[in-house]
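A structural walkthrough
Each chain is listed here by its residues.
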Amino acid sequence: GAVVSQHPSRVICKSGTSVKIECRSLDFQATTMFWYRQFPKKSLMLMATSNEGSKATYEQGVEKDKFLINHASLTLSTLTVTSAHPEDSSFYICSAREASGARETQYFGPGTRLLVL
Amino acid sequence: AQSVSQHNHHVILSEAASLELGCNYSYGGTVNLFWYVQYPGQHLQLLLKYFSGDPLVKGIKGFEAEFIKSKFSFNLRKPSVQWSDTAEYFCAVNGRRNYGQNFVFGPGTRLSVLP
């Protein structure tokens with residue numbers, strides 16, 4: 001299957017600082033990538049859909065000014081957590097869509113664990 | 001709106017036991033169906049997927065799933081589990097009319113296989 005990478009895998013930061021997480025599709029082009037948040041023992045919660053060349057689409061309840069998304073190219077999307085607070089500590093996962101007509105599959109990155117002190 | 005339910009929150013089996021994890025979805029149209037697995041400390045990996053054709057789909061590591069349209073189900077099966085199958089399993093659905101939109105994931109089922 002296709003490969004998606006995330007960087008960094010783990011980050012610890014101080015409250016009030018900003019953190020950038022990168023998501024790359026390594027062997028295919030992805031016009032659409034997704035950002036999820038996963039809470040302990042819970043399923044994935046979609047935060048936003050990242051579209052190459054246009055603004056991201058945010059899910060209800062997700063602050064777009066806090067979670068900045070940039071889809072700079074067909075293989076890279078970034079999520080920046082601005083002015084991070086301890087409650088932003090979580091596991092952030094991206095996925096990239098590989099599509100052929102109506103047959104589309106999402107491939108997931110390994111996730112980034114964020115700890116805000 | 002689409003929704004996905006998974007019958008069991010936590011399943012505990014002994015090695016060599018047979019496995020069946022339930023997945024039901026609600027959607028009025030044609031769907032694409034997926035099972036993903038998340039091993040401890042690892043990222044989500046695609047186990048298998050169904051787009052069309054034979055409703056019995058074979059995936060990696062000996063897993064298979066059967067799409068039963070009349071029951072809106074896509075249950076995951078494995079005839080003999082191993083300790084290494086211990087993981088979280090997620091069912092996901094994407095409505096084909098919703099091409100370009102996101103998948104809907106079930107809440108997940110945690111499988112613990114005892115050696």
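This text goes with the structure placed above it.
Cut-off values and rules
- Residues numbered from 1 in each chain as written.
- Chains lettered and ligands numbered in written order.
- Predicted model: local features only at pLDDT ≥ 70, side-chain atom pairs only at ≥ 80, totals over all residues.
- Heavy atoms only, no water.
- Helix = DSSP H or I, 4+ residues; strand = E, 2+ residues; numbered from the N terminus.
- Rg over C-alpha atoms; globule rule 2.2 N^0.38 Å.
- Contact = heavy atoms within 4.5 Å.
- Areas by Shrake-Rupley, 256 points an atom, 1.4 Å probe, with all protein chains shown as cover.
- Salt bridge = Lys/Arg side-chain N within 4 Å of Asp/Glu carboxyl O.
- Buried < 20%, exposed > 50% of the residue type's maximum accessible area, 1.4 Å probe, protein only.
- Pairing = 2+ DSSP bridges.

1. Re the overall build of chain B
On a plain count of helices and strands, chain B comes out with zero helices and 12 strands. Taken against the 2.2 N^0.38 rule, which gives 13 Å for 115 residues, the C-alpha radius of gyration of chain B at 14 Å falls within 12% of a compact globule. Along the first, second and third principal axes, the C-alpha set of chain B runs to 45 × 30 × 20 Å. Within chain B, counting contacts between residues at least 6 apart in sequence, those at least 24 apart form 58% of the total. Summed over its atoms, the accessible surface of chain B is roughly 5400 Å², and 53% of this surface lies on carbon and sulfur atoms.

2. A closer look at the pattern of salt bridges
Residues and elements named next belong to chain B. Enumeration over the complete set of coordinates arrives at seven salt bridges over all chains. A salt bridge links Glu66 to Arg77; its shortest N-O distance comes to 3.2 Å. Here the residue Glu66 occupies a position in strand 8 (residues 64-68), and Arg77 occupies one in strand 9 (residues 73-78), the gap between them amounting to 11 residues. Take Glu66: its relative accessible area is 28%, and that puts it in the partly exposed class. Here Arg77 falls in the partly exposed class, since its relative accessible area comes to 22%. With its nearest N and O atoms 3.1 Å apart, the salt bridge here joins Arg110 to Glu88. You can see Arg110 sitting in strand 12 (residues 109-114) and its partner Glu88 sitting in strand 10 (residues 87-95), a full 22 residues away along the chain. Residue classification places Glu88 among the buried residues on the basis of a relative accessible area of 8%. Salt bridges sharing common partners tie together Lys58, Glu64, Glu66 and Arg77.

3. Section: the pairing of strand 9 (residues 90-100) of chain A
All names here are of chain A. For strand 9, the tally of buried residues reaches eight of 11 residues, placing the bulk of the element in the interior. When strand 4 (residues 32-38) meets strand 9, the two strands line up antiparallel, connected through six bridges. When the bridges of strand 9 are listed, Phe34 appears paired with Ser95. Inspection of the sheet shows strand 9 paired to strand 10 (residues 103-108) by six bridges, in the antiparallel sense.

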